[in-house]
Amino acid sequence: MVDGLQSSSLVPSADELVGPGHSGSDHAQSRPDGRPDPKDGAMTSSAGGCPKLGCRLVIPAFNEVARIERCLNAALASPLPTGCSWTEWVVLDGGSDDGTAAAAEAWSAAGSRPPLRVRVSPTRQGKAGDLGAWHDEAVAAAHLEDVAVIVDADTAVERGSFAALLSPFTTDPELAV
């Protein structure tokens, strides 16, 4: 699915982080800032107590038709550490005119892969603007528990890079704030 983005602020307000009037009191144990206390089990799975960690792969792209497939294939070939899973892959197309969005859609349709969304910005706002708009959407949808992994479209990550990057988050839930 290809849809548009709207530009907005990069910095979420306190209400966006925990919800208007929300104090976090519905958690079994919570901190003063409303985040759940990892000791209450909310951040761990039943299998060995490994933290559950949702990961979102975000790929900003502008006129990267020649490189987007390589980027996606390299990401697919780099496994996640135990306790992590992809909750979303999204290509943030910054208004490309070379077919980048179509190439990403074709890659997604070609096989059994993580779900991929392609978001096309209706106006050129640059990588920071596209990432800011995506961040605002994630906050509005309450996707605050996931770790965002941002990889430029002209990058091919090395196999094992995601495991090395994300492993500390699986052993120390305090990092994923």
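In this text the structure is predicted, and so the values were computed from the model without any measurement. (Residues numbered from 1 in each chain as written. Predicted model: local features only at pLDDT ≥ 70, side-chain atom pairs only at ≥ 80, totals over all residues. Heavy atoms only, no water.)

J.: I'd like to hear about the overall build of the protein, residue by residue, with values.
T.: Along its length, the protein carries five helices and five strands. Walking the protein from its N terminus toward its C terminus, one meets helices and strands in the order β-α-β-α-β-α-β-α-β-α. Here the protein holds 177 residues, and 37% of them are scored as buried. Long-range contacts, defined as pairs at least 24 residues apart, comprise 77% of the intrachain contacts of the protein with a sequence gap of at least 6. A total of about 9200 Å² of accessible surface is found on the protein, and carbon and sulfur atoms cover 56% of it. (Helix = DSSP H or I, 4+ residues; strand = E, 2+ residues; numbered from the N terminus. Buried < 20%, exposed > 50% of the residue type's maximum accessible area, 1.4 Å probe, protein only. Contact = heavy atoms within 4.5 Å. Areas by Shrake-Rupley, 256 points an atom, 1.4 Å probe, with all protein chains shown as cover.)

J.: Residues and numbers for the nonpolar core, please.
T.: Soluble globular proteins tend to bury their nonpolar side chains together. The biggest cluster of nonpolar side chains holds 26 residues, and the ones touching the most others in it are Leu-57, Ile-59, Leu-72, Trp-89, Val-91, Leu-116 and Phe-162. Put simply, the parts of the chain that give this core at least two residues each are strand 2 (53-61), helix 2 (68-77), strand 3 (84-93), helix 3 (100-109), strand 4 (116-120), strand 5 (147-150) and helix 5 (161-171). What Leu-57 contacts, discounting residues up to four positions off in sequence, is Ala-75, Trp-86, Glu-88, Trp-89, Val-90, Val-149, Val-151 and Phe-162. Membership of the second largest hydrophobic core comes to six residues, among which are Val-58, Val-90, Leu-92 and Ala-138. (Core = buried A, V, L, I, M, F, W, Y, C linked by side-chain atoms within 4.5 Å.)

J.: Now, about helix 4 (residues 126-140): what can you tell me, with residues and values included?
T.: Here helix 4 contains 15 residues, and its C-alpha end-to-end distance of 21 Å stays within 8% of the 21 Å for a straight helix at 1.5 Å per residue. All buried positions along helix 4 are accounted for by Gly-126, Gly-129, Asp-130, Leu-131, Gly-132, Ala-133, Trp-134, Asp-136, Ala-138 and Val-139. Phi for Ala-142, located one or two positions after helix 4, is positive at around 60°. (Expected span 1.5 Å × (residues − 1).)

J.: Account for helix 5, naming residues and giving values.
T.: All of the buried residues in helix 5 are Phe-162, Leu-166 and Thr-170. Buried residues of helix 5 fall within an arc of 65° about the axis and therefore sit on the same side. The exposed residues of helix 5 that point more than 90 degrees off its buried face are Ala-164 and Thr-171. Residues of helix 5 that are buried make contact with strand 2, helix 2, strand 3 and strand 5. (Arc of directions from axis to C-beta.)

J.: Quick one: what's the story with the pairing of strand 4, residue by residue and with numbers?
T.: Of the pairings in the sheet, the one linking strand 3 to strand 4 comprises five bridges and is parallel in character. The residue of strand 4 that forms the bridge with Trp-89 is Leu-116. What joins strand 3 to strand 4 is helix 3, and the crossover it makes is right-handed. (Pairing = 2+ DSSP bridges. Right-handed = clockwise from strand over helix to strand, strands pointing away.)

J.: So what's going on with the confidence of the model for the protein? Residues and values would help.
T.: On average, residues of the protein score 75 in pLDDT, and 69% of them reach the 70 mark or higher. Mean pLDDT in the protein bottoms out at helix 1 (residues 14-18), which sits at 34, and peaks at helix 2, which reaches 96. The low-confidence segment residues 1-51, where pLDDT is below 50, has 81 contacts with residues more than four positions distant or belonging to other chains. (pLDDT = per-residue confidence, 0-100.)

J.: So what's going on with the side chain of Asp-93? Residues and values would help.
T.: Its place among the elements puts Asp-93 in strand 3. For the buried Asp-93, no salt bridge exists, and the shortest N-O distance to an oppositely charged side chain is 7.6 Å, to Arg-124. Looking at Asp-93, its side chain comes within polar contact range of the main-chain nitrogen of Gly-95, at 2.9 Å. If near-sequence neighbours (up to four positions away) are discounted, Asp-93 is found in contact with Ala-61, Thr-100, Ala-101, Arg-119, Val-120, Ser-121 and Asp-130. (Lys, Arg positive; Asp, Glu negative; His and termini not counted. Salt bridge = Lys/Arg side-chain N within 4 Å of Asp/Glu carboxyl O. Polar contact = N/O pair within 3.5 Å; in protein donor to acceptor, adjacent residues only side chain to side chain.)

J.: An account of unusual backbone geometry is requested, with residue identities and associated values reported.
T.: Note: most peptide bonds trans; most residues except glycine with negative phi. The backbone of Asn-63 shows a phi angle near 50°, a positive value even though the residue is not glycine. Mapped onto the secondary structure, Asn-63 falls in the loop between strand 2 and helix 2. Classification of Asn-63 as partly exposed rests on a relative accessible area of 25%.

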